[in-house]
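Survey of secondary and tertiary structure
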Amino acid sequence: MDVRRLKIPKTIAIFSHIKRPLTCVIYTAASDQISETLHQTPSKQPKPSSESKQQKVFDLNLRKWVTSVLSNPHVDSLKIKDLLTHLTPQQFDAIFLEIHSSLKPLNALKFFHLASGSYGFSFSVQSYCTLLRLLVSSNHDDAARLLLIRLIDGKLPALFDCPQQKHVEVAVSLAELSRLSDFGVAVRTFDLLVHLCCTQLKNVGFDVALDVFRSLASRGLYPSLKTCNFLLSSLVKENELWKSYEVFGVLKDGVKPDVYLFSTAINAFCKGGRVDEAKELFRKMENLGVVPNVVTYNNLIHGLCRNGNLEDAFRLKEEMILNGVKPSIVTYSIIINCLMKLEKYDEADCVLKEMSNKGLVPNEVMYNTIINGHCSAGNIQKALKVRDEMLRKGILPNSVTCNSLIKGFCKVNQASHAEELLEEMLLHGLSVNPGSFNNVVLVLCTNSRFFSALRFTKEMILRSLKPNDGLLTTLIGGLCKEGKHSEAVELWHMLLMKGLTANTVTSNALIHGLCEAGKIQEAVRMLKAMLDSGVQIDSMTYNSLICAFCKDGNLDGAFMLREEMVKQGSAPDISTYNVLLHGLGEKGKIDEALLLWDECRSKGLVCDIYTYGALINGLCKADKLGKGRDLFHEMLRQGLVPNIIVYNTLIGAYCRNGNVTEALKLRDDMRSRGILPNVVTYSSLIHGMSNIGLMEDAMNLTDVMRTEGVPPDVVCYTALIGGYCKLGQMDKVRSILQEMSSHNINPNKITYTVIIDGYCQAGKVKVAKEFFAEMVQKGITPDSVTYNVLTKGFLKEGEVEEAFSLLDRISLTGVGLDEVAYTSLVNLLPRRSASANQE
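The name an unreviewed UniProt entry assigns to the protein is Pentatricopeptide repeat-containing protein, chloroplastic, from the organism Nicotiana attenuata. Turning to the protein, the UniProt record has this under Sequence similarities (unreviewed entry): "Belongs to the PPR family. P subfamily."

Rendered as structure tokens:
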């Protein structure tokens, strides 16, 4: 449909841009002589003279010459070159405009190509636009399109006033030429230009197309309605909504919009969230007598659903039916999709039934929408029922269906079903989205099925899909916990090889896992690999390694790592100092620990509960309990609340020193702060009381423990047994063992060793041997302490042969006796030899 020109603009002079006088060329065919004369444009109308008559002759001859060259079907390059040397772009423009309708379009096109390409002749924009009209009028649309592309791209030498606005100048020139006869040709050139801007120049945005549209519209000129629809829909498709609003605002006053233009505009308003304006436009459309079609209704229904206005959407659907417009599958799909998102599953089923009753068969998109909705809500059984219905209707589930079902299985933690479905998708070559991979890997990790999770993660990497960073961290951490450190390292390097390098957090999880397993050298190699591959190193990376070195007793290596950390630009933080302080404290290097403490504070680092705890632990181990208590009070003054570890450290130290009273005060203090004593607290107290013979108080503590919901463990009972053994009350030891048995607590190696020592001290070596045999029978391997106390027991009771027999047994285990027991046995060797000789 052609556009109506509703506004008649003022007349614009076609040659208004020509400023300088024209050069008149006289052509004589007989002599091929050329003479040039310049004439000034008179300020007043000149009187007729012989000179003006001659000028008309000159113009006529020039016109004939240009016409002759352009009309010749055979391109004569020499004649064209000769003509161009005596012709200006303005002269050609005037003549070409006058004679173009009588020329063959392809002849003219060849002339333009040769003149501009071989001789660099610059034609005016209007000349090119005239040629463009000539090609379009003769239905040479492809040639016209290519010419227009090259013109706007700057591939042709043309006289543009503003090279940055070539498209605008072309639009203006075409608008001026539209005043010639055959307005239909003008509209087709407008169509060509606008279409070109929307497609060929799309990469620079739609501003170019909008500039052209504005230039034409400002002159009351428009492309065809079909092209207007194309422009508007292109803007909406590319989400250039504000531009689409402007275009429609101009079009509705300049042309008579049809149903397609209204439908596109309604879609644009809905897409931009301006649903009220879309509704208003819908009513205006009806008032103008433009009947909405199914697309119009669908666009508005979609907008209403997206805006959450479900009731209006249903009303519009009913209105649509009353007006004789049948809802399509798209209509029902929009409504069902909205209902599924709002978790109105029963209503969605009703709409699906309504659709089926109207003879519409759901397609795979609709089924997938319903399945995905159920899966998102965790209703996997309903989703599977819909999948089965799909199959009954002969619609095969596709990758979208399977990806949704995988999400549903993972949501309800059905790891095996999710794994099987993913395997099936891979087997049949279906497209698996990264979300499905990540969901399956996550649910497998959650169920500690790290090996299966690793397999799918590798599949992702082979497809150049990077797993979620958090998921990678979980997987690598899980592999390390299961002892699969080599697999975790291999995964890290696989990511690196594929250019999907693991981030710092994931890499730190690997280093931490290696360190926890004591694989320190492998962790160091990983650190080097991180540095070489450009992975960002942070303090946590080094802290894990420093902690591992400290646990291994390699303090020199730990401090060397701290220096390396500084060189790499990662400043040691409070955690670094805490680990080093703890390492020094465990090694008994309390003076070095105090110096490091001072260094830490001098750097302005804020000491936390762990800093104080590490130093208090070191002081207690170094038997400097007083300084440890002073540091405890300083910590309180700093406003830090002690944790249970700090309390247990001090309570244990007081108990070892026999100061149970202070230990109990600390127990009461921790209670007052809302910190409940744990089994470590009570085992220290029981041990302290047992050491000083307060057995009744120690036994009472076990009752207190049970009251507080902290059942005594083997350590507590071993402490009680040790206390009774010191007092020689071996009958009490038996009752403690019975109590342990009633609570399903088995004696350990230390328990048996304490009992054996108790009976040996009481002179009951035979009973001690029985407990030793019981210990071995239960699979508990005696250590050097056990052998030492039993050996001394034998020697104390004069059972030399038993002692030497035990020594033979010890020699097979590789466990050594202490110096006292060994010396005693050596001294008895001569007596044993003499006895053997007598026999």
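**Some thoughts on the nonpolar core**
In this structure, Phe111 and Val170 are the most contacted members of the largest nonpolar core, which totals 259 residues. With 9 residues, helix 8 (residues 183–199) is the largest single contributor of residues to this core. Formed jointly, this core draws a minimum of three residues from each of two domains, domain 1 (73–223) and domain 2 (747–829). Setting aside anything within four residues of it in sequence, one finds Phe111 in contact with Val69, Leu70, Ile80, Leu83, Leu84, Phe92 and Phe123.

**Topic: helix 28 (residues 539–551)**
For helix 28, with 13 residues, the first-to-last C-alpha span of 18 Å sits near the 18 Å given by 1.5 Å per residue. Burial analysis of helix 28 places 10 of its 13 residues in the buried class, the great majority of the element. Among the residues making up helix 28, those that are buried are Ser539, Thr541, Tyr542, Asn543, Ser544, Leu545, Ile546, Ala548, Phe549 and Cys550. Here the buried face of helix 28 lies against helix 26 (504–516), helix 27 (520–533), helix 29 (555–567) and helix 30 (574–586). Its side-chain oxygen 3.2 Å from the backbone nitrogen of Met540, Asp538 forms the N-cap of helix 28. The positive-phi residue at the C-terminal boundary of helix 28 is Gly553, with phi of around 80 degrees.

**What about the packing of helix 22 (residues 434–446) against helix 24 (residues 469–481)?**
Orientation of helix 22 relative to helix 24, taken along the N-to-C sense of each, is 35 degrees, at an axis distance of 10 Å. The interaxial crossing formed by helix 22 with helix 24 has left-handed handedness. Mapping the contact onto sequence places Asn438, Val441, Leu442 and Cys445 in helix 22 and Leu471, Thr474 and Leu475 in helix 24. The class makeup of the residues in the contact of helix 22 with helix 24 is 5 nonpolar, 2 polar and no charged.

**Regarding the packing of aromatic side chains**
We describe a pair of aromatic rings using the distance from one ring centre to the other and the angle between the two ring planes. Taken as a whole and judged by the stated rule, the model has 19 aromatic pairs. Geometrically, the ring pair formed by Tyr759 and Phe771 is stacked, given 5.5 Å between the ring centres and 20 degrees between the ring planes. Separated by 12 residues along the polypeptide, Tyr759 in helix 40 (residues 749–761) and Phe771 in helix 41 (residues 765–777) bring together distant segments of the chain. Under the relative-accessibility criterion, Tyr759 is labelled buried at 4%. Pairwise contacts between aromatic rings join Phe92, Phe96, Phe111, Phe112, Phe121, Phe123 and Tyr128 into one cluster. It is Arg274 that lies over the ring of Tyr245; its NZ or CZ is 4.2 Å from the centre. Lying across the ring of Phe456, Arg455 places its NZ or CZ 4.7 Å from the centre.

Cut-offs and rules
Residues numbered from 1 in each chain as written. Predicted model: local features only at pLDDT ≥ 70, side-chain atom pairs only at ≥ 80, totals over all residues. Heavy atoms only, no water. UniProt positions renumbered as here; feature names shortened; annotations may be inferred. Core = buried A, V, L, I, M, F, W, Y, C linked by side-chain atoms within 4.5 Å. Buried < 20%, exposed > 50% of the residue type's maximum accessible area, 1.4 Å probe, protein only. Helix = DSSP H or I, 4+ residues; strand = E, 2+ residues; numbered from the N terminus. Domains from an automatic or database assignment. Contact = heavy atoms within 4.5 Å. Expected span 1.5 Å × (residues − 1). Polar contact = N/O pair within 3.5 Å; in protein donor to acceptor, adjacent residues only side chain to side chain. Axes fitted to C-alpha atoms, helices over the stretch in contact; angles between N-to-C directions. Left-handed = near helix turned anticlockwise from the far one by under 90°. Nonpolar A, V, L, I, M, F, W, Y, C, P; charged D, E, K, R; others polar. Phe/Tyr/Trp six-rings, centres within 6.5 Å; stacked < 30°, edge-to-face > 60°. Lys NZ or Arg CZ within 6 Å of the ring centre and 35° of its normal.

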